[in-house]
Amino acid sequence: MDQVEEFMVRHFRSKSKKVAGKKNESNFYSKHLLERWLRGRTDALENFFQYFEENIYSQSEKVALPIKRVEYCVAVWRMAAIIEDCLKNENEALKDIEAFASKVSTEDDTLMLLLILGKLAYQKDYQDFDQQYLPGIIGAIRAKKDILKSPSTLIPNLVLFVDLPQQLETLLALDLTPDDRVRLQLSNCQVRWKWSNFSASLDSLAAATEGFLDISESALVTASAEESFLSLALPLVEMWREIGLTASQQGLTPALDYMLTVTEMCAKRGTNLGLLPGYVMWLAVKDSPAFKDLAAKLEARVTSRLRGEKFERCFIVHGMTEETKQFFVKDFVRRLLLDKFSVPVGTVYQEQEQDHAAQDPVTLPDATSSSAPVSEPKSELPSGISQQLLDISVMELAAGKKIPEMIDMIIIEERQGTIPSTTTMEVVVEVLGEVGDLYSLDQLQRIMPDGSPEKESIYLTTGKIRLRSVNSAWESGKKLESWIKLVEFYRETWSDKTKGSVQLQTGENLLLKCRNYVKLFVEEAVLTSNNQLMPAIQTGSLKVATDCGDLALLLVYWEALFFGPQFEQQQVAETLLDKLPQLVDHIKIDLVLARCHRYRTESTYRRLVEICLKHQCPPYTQSRIFEELLASQTRSYNLGGAKETIKCAKSLDIKLTADYLQDYLNAKQEIEAQAQNSVLNKVKNFIFRTPNK
């Protein structure tokens, strides 16, 4: 517990602003309060109550802060440790805890729930007063997924539900409502199965199933009764499937035989709902090679009228949300429940124009002749559910690289008013981008709403594919053709951005990628001295500057020539600035100076100084050029040149940062000190030299 606390505190406090001079502890105050209790301090418990009221309950406005939620959780854990200690030692302080928990229960019933769970674990009396907290206790038990067998010495066992079997046994002995009893029986089934107590687990499963079917007989009396009954469907179905799967995987034949018997008993009720356990068990074991006979026996009772395509998808689609799974299972069980009365109600059965009663029985399909799933009637799904179902289907097709089917599904659903979520579309676009499917991307772009994130993502991916194609052509030797296509694509993207066909950020991102390819092409042409391509590069760059007012390509062209290996190329760079002096204002001088620093040649700095003297550069550009020249001279101990640079900057009223001047002075003092030490050594040697004997 202390390690978890220390990690969480360090993690969340590292993200908050630190107060100067204040050292934060790696734990909360509740740690000291628990230590006082364990040392036997009588006032520790009262201080703990005060800590809860002042530091937690009275600071409800801070509940959104992660660090405050961590503080609350850790405090509850430590209170659970105190409750456990009181129960073990039969400490009278337990009454004080109960009084405080009752006092704050209207605001927070967590302490009361822990207290009652502790009583259940230590077989204390369950009072009538505790009955009001039963829904919260059942909810906490049902939320527990991991079952621990051995006690822990690090975290309170109340929090870990180590004593869950005893707690469930005590609760099941109470006078419960049928719904609550089924919920607890399912929890008991899960716990016993995890503890390898298979007989007790299967007995609980059978009892829960019988209770579920008994409740179904009165489930349609009121709307609340129906909703309560349907809320039991998913836990029951999941428990049947989990036990069926594990039993078949581990070869537990007696367990499967017991379950088969239960399904046969349920089927004797004569309703489709009574066939549900057998249906779920068949879904669990049908793919097991060792139990083919069992699967065939179960499949014989799975009629086409019973099966549901969406219901089965709940168990074969990974990543389906709990909400979606709950909806499909509820809808399926509701259909079975209503089918007991053979009445087409609501959206479960659509009204047929012909009178079924007047039909010849010979023309009716034989319900038991096939076990293929029936096509479920199309109903108006709640908001978000239809999109989630579409997301699942699209994700499956994307994972299988079934691109034509995936695109067709998206287009058909879009015509019906549903499109995949943004996250799903990102996956779709990524898959299409990997294979370079421009046609499918174009189809999707036509149906996406203007300005939507999906359309922007499609536009950006399409651009990346086209740029990859241009680069491939360049690498294959089609230099001139590739350059022309790149320039045209740059102009097209600029036009889309200017017209508002895409968002500014999307257009700028794609233009930035274009500039990266431009830099790659131009630098290669300059380094290889491709004189046939250089005129086309200059023409294309000037065309973009003229039509779009964008000097980015010309700046890339100038920089490549400026650092070119040939003198003629450097001369072309100077001529370009003479013809287009406005380029000087747009040179990204810091990037150019970083490149000069990598080359480590003073001549490049001096050529930049010449540009400063020849053209009217911005003050920042002038200062940076002279500063980097001074730094280069200082590093090479060219103090004479550095001194002239400082004089020149001063005469031109160019400001130099103090750091660069200080570096120069430090280098100067270092040289002077070395020289002085050298003279002194010579004098000492002369004076104290040993005379010749």
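Fair warning: this is a prediction, and the values are worked out from it, not measured in the lab.

**Here's the deal with the overall build of the protein**
Counting its secondary structure elements, the protein contains 33 helices and 0 strands. When burial is assessed residue by residue, the protein has 46% of its 693 residues classed as buried. For the protein, the proportion of contacts with a sequence separation of at least 24, taken over those separated by at least 6, is 66%. For the protein, the exposed surface amounts to about 37300 Å²; the carbon and sulfur share of it is 53%.

**What to know about the environment of Glu-238**
When you line up the elements, Glu-238 lands in helix 13 (residues 233–249). Along the primary structure Glu-238 and Leu-186 are separated by 52 residues, whereas in three dimensions their C-alpha atoms are 9.9 Å apart. Those residues in contact with Glu-238 that lie beyond four places of it in its chain are Glu-322 and Lys-325.

**Regarding unusual backbone geometry**
Even without being glycine, Ser-196 reaches a positive phi, approximately 65 degrees. Mapped onto the elements of the fold, Ser-196 is located in the loop between helix 10 (178–194) and helix 11 (198–216). In this structure, Arg-600 takes a positive phi of about 55 degrees despite not being glycine. Along the chain, Arg-600 falls in the loop between helix 29 (589–599) and helix 30 (602–614). Note on Arg-600: relative accessible area 64%, which makes it exposed.

**As for the nonpolar core**
Where a protein is soluble and globular, its nonpolar side chains tend to be buried together. Judged by nonpolar contacts, the single largest core of 69 residues is most densely connected at Trp-483, Val-522 and Trp-558. By residue number, the principal contributor to this core is helix 27 (residues 552–562), which donates 10 residues. Beyond its immediate sequence surroundings of up to four residues, Trp-483 is in contact with Val-518, Phe-521, Val-522, Leu-533, Ala-536, Ile-537, Gly-540 and Ser-541. Counting residues in hydrophobic clusters, the runner-up holds 59 residues, among them Leu-232, Cys-266, Leu-276 and Met-320.

About the cut-offs
- Residues numbered from 1 in each chain as written.
- Predicted model: local features only at pLDDT ≥ 70, side-chain atom pairs only at ≥ 80, totals over all residues.
- Heavy atoms only, no water.
- Helix = DSSP H or I, 4+ residues; strand = E, 2+ residues; numbered from the N terminus.
- Buried < 20%, exposed > 50% of the residue type's maximum accessible area, 1.4 Å probe, protein only.
- Contact = heavy atoms within 4.5 Å.
- Areas by Shrake-Rupley, 256 points an atom, 1.4 Å probe, with all protein chains shown as cover.
- Core = buried A, V, L, I, M, F, W, Y, C linked by side-chain atoms within 4.5 Å.

Everything listed is a geometric property; what it means functionally is a separate question.
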